Amino acid sequence: MAMGTRKKRERQESLWYEGELPTAPGHPFYSRLNGVLEKADFDHFCEKSCAGFYHAKLGRPSLSPGLYFRIMMIGFFEGIDSERGIAWRLADSLTLRQFLSIGLDEQTPDHVTISRTRRLIGPETHQRIFTWVLERLAQGGLIKGKTIGVDSTTLEANAAMKSIVRRDSGESYKEYLKRVAAAEGVETTDAASLRRMDRKRKKKTSNEDWESPSDAEAEITKLKDGRTALAYKAENAVDMETGAIVAVTTHGGAAADTATVEETVIEAGVAVASLVAEMTPAGNYPVHPRGVEEVVADKGYHSNDVAVALSDLEVRTYIAEPERGERNWNGKAAEKEAVYANRRRVRGERGKRLQRGRGEKIERNFAHQFDTGGMDRLWVRGLENVHKKLLIQAAACNLALLMRSIYGVGKPRAAHDSVSKAVFAILAFIRAVETLWQPPSVHSGYVVHKRKASSDGFLCCRVPQNRPV
């Protein structure tokens, strides 16, 4: 496709009177967000990073890279989970048209165009956009980098358990049950009898034996609500001082926390090291010059191998330790030293404070990304596509943190709520002043006698007219 750029999309204003055309004042949040992106030359950076994926002249006109990444971020800011839903929202909203600089006589991108652009642009470029946002946060003093917290969550994949097939033979689950029943001499005449037999036998739905024909990289695992489903695992490394997401890694849903934490910590270390030279407008260097030195995690990440591996990386751990009873340390001197050092740190005052901070700094980001951010379920397939979505979701979450630091609100709904609160506060103040200074009046047979001060304002004491005052 031929690359569309923001410069090429600029048009001269119409010479005709447009008073009868529908207009929108625009949302103040999106106007400010556009101001932040344009001040940092976001579109030029996106076009430079994506130049290798487009032809200069050949092909049909495409989404400009800056427009594509803005569209993907709208999913986070509007709480929309799918690209089809984003496309519908764009076609329906004058405010989002204004945010994306799409005229009323222009067609908004459909979900096919958005999905094709995502597949075309590689994961390395999505990573560059995520890093670009990190640089803006570092310049705003929102990344320290010394202490990071690591946590993960599972996301249901866009594949159904009932469609899984055997890796060796390709037979479906129903065909497999029929073969097992025949081998055991059990008569199964219909689907109901197969289900009864399946409920009685011991389940062994292993990822080594089964896969999804539509998404082979999704893995069978138990979700946090107790259901067994095909899923992916998203793992974040978060700055424990500011709440900024400094690294994102993506894995199959059945990957253990102890098997993935080292990769995430290394990714975070590389990201923080690249930000050390970033300077704030005041001339300060907020990022810790020695990079990541401490890692905080819950008890799911605790193991001998993790403690030793992170110790070899010269990182102090504050990982909650589960109750395991008496341990046998024969021949495990290095493991014993690393585990005992971690235990001593976790039981200290700083360790307890960092563990309490996990809910505020890490869990809050998961709530923003996957609950209100509209990604509690995946609608793309393949580890690469899932990773792209998670990178842009995390970049939008970081932009929300930057917007909160500048303007006090990080999402359009929060901006609307704050304006509404301000309006109601002004109206309440006006009403209180009117009540305070209005003269005594008669209402429904009662006359206002006097006013008493209270903690909520003023209470009117009313007495009937036929009683002496």
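Right above here is the structure, for reference.
Residues numbered from 1 in each chain as written. Predicted model: local features only at pLDDT ≥ 70, side-chain atom pairs only at ≥ 80, totals over all residues. Heavy atoms only, no water.

## A few points about the packing of aromatic side chains
For step 1, the next point in the chain: One pass over the structure, following the stated rule, counts 13 aromatic pairs.
For step 2, the next point in the chain: An angle of 40° between the planes, with centres 4.8 Å apart, marks the rings of Y30 and F99 as tilted. Residue Y30 is found in helix 2 (residues 28-39), and its partner F99 is found in helix 6 (residues 94-100); the two are separated by 69 residues along the sequence.
For step 3, the next point in the chain: The exposure class assigned to Y30 is buried, which follows from its relative accessible area of 3%.
For step 4, the next point in the chain: On the basis of relative accessible area, F99 is assigned to the buried category, the value being 4%. (Phe/Tyr/Trp six-rings, centres within 6.5 Å; stacked < 30°, edge-to-face > 60°. Helix = DSSP H or I, 4+ residues; strand = E, 2+ residues; numbered from the N terminus. Buried < 20%, exposed > 50% of the residue type's maximum accessible area, 1.4 Å probe, protein only.)

## A closer look at empty space enclosed by the protein
For step 1, the next point in the chain: Per the stated rule, a full pass over the model turns up 2 cavities of 30 Å³ or more.
For step 2, the next point in the chain: One number sums up the size of the largest cavity: a volume of about 70 Å³.
For step 3, the next point in the chain: What lines the largest cavity is M72, G75, F76, I80, D81, I86, G373, G374, M375, K389, I392 and Q393.
For step 4, the next point in the chain: Partitioning the lining of the largest cavity into residue classes produces 6 nonpolar, 4 polar and 2 charged. (1 Å grid on protein atoms, 1.4 Å probe; cavity = no way out; pocket = protein on both sides within 12 Å on 5 of 7 lines; lining within 4 Å. Points joined across faces, edges and corners; volume = space filled by probe spheres on them. Nonpolar A, V, L, I, M, F, W, Y, C, P; charged D, E, K, R; others polar.)

## Considering a nonpolar patch on the surface
For step 1, the next point in the chain: There is a patch of nonpolar side chains on the surface, built from I266, V270 and L313 and spanning about 250 Å² of accessible area.
For step 2, the next point in the chain: Here V270 shows up in helix 11 (residues 257-273). (Patch = residues over 30% accessible without salt bridge, like charges linked within 9 Å, V, L, I, M, F, W, Y side chains within 5 Å. Areas by Shrake-Rupley, 256 points an atom, 1.4 Å probe, with all protein chains shown as cover. Salt bridge = Lys/Arg side-chain N within 4 Å of Asp/Glu carboxyl O.)

## Some points on the state of the cysteines
For step 1, the next point in the chain: With the rule as written, the count across this model stands at 0 disulfides.
For step 2, the next point in the chain: Cysteine C46 shares no disulfide, and the gap to the nearest cysteine sulfur, in C50, comes to 6.2 Å.
For step 3, the next point in the chain: Among the residues examined, C46 registers a relative accessible area of 0% and is labelled buried. (Disulfide = S-S within 2.5 Å.)

## A look at the environment of L37
For step 1, the next point in the chain: Tracing the backbone through its elements, the reader meets L37 in helix 2.
For step 2, the next point in the chain: It is 9.6 Å that separates the C-alpha atoms of L37 and R136, two residues lying 99 residues apart in sequence.
For step 3, the next point in the chain: Those residues in contact with L37 that lie beyond four places of it in its chain are F42, R70, W132 and L399. (Contact = heavy atoms within 4.5 Å.)

## Overview of the pairing of strand 8 (residues 316-319)
For step 1, the next point in the chain: Examined bridge by bridge, strand 7 (residues 294-297) and strand 8 share 4 bridges and lie parallel to one another. Bridge assignment links V296 to a residue of strand 8, and that residue is Y318.
For step 2, the next point in the chain: A crossover links strand 7 with its parallel partner strand 8, the connecting element being helix 12 (residues 304-312), and its sense is right-handed. (Pairing = 2+ DSSP bridges. Right-handed = clockwise from strand over helix to strand, strands pointing away.)

## Concerning unusual backbone geometry
For step 1, the next point in the chain: Located in the positive-phi region is S101, a residue other than glycine, with phi close to 60°.
For step 2, the next point in the chain: By the element assignment, S101 lies in the loop between helix 6 and helix 7 (111-120).
For step 3, the next point in the chain: Given a relative accessible area of 35%, S101 falls into the partly exposed group.
For step 4, the next point in the chain: One non-glycine residue with positive phi stands out, namely E314, at about 60°.
For step 5, the next point in the chain: Residue position: E314 is located in the loop between helix 12 and strand 8.
For step 6, the next point in the chain: The exposed category is assigned to E314, whose relative accessible area is 71%.

## Observations concerning helix 8 (residues 123-139)
For step 1, the next point in the chain: Its 17 residues give helix 8 an end-to-end C-alpha distance of 25 Å, which sits within 8% of 24 Å, the value for a rise of 1.5 Å per residue.
For step 2, the next point in the chain: Turning to helix 8, its buried residues are P123, T125, H126, I129, F130, W132, V133, L134, R136, L137 and A138.
For step 3, the next point in the chain: Two residues or fewer after helix 8 comes G141, characterised by a positive phi angle close to 75°. (Expected span 1.5 Å × (residues − 1).)

## Structural notes on the pairing of strand 4 (residues 219-222)
For step 1, the next point in the chain: As judged from the 4 bridges shared by strand 4 and strand 5 (residues 228-239), these two strands associate in the antiparallel manner. Bridged to T221 within strand 5 is A229.

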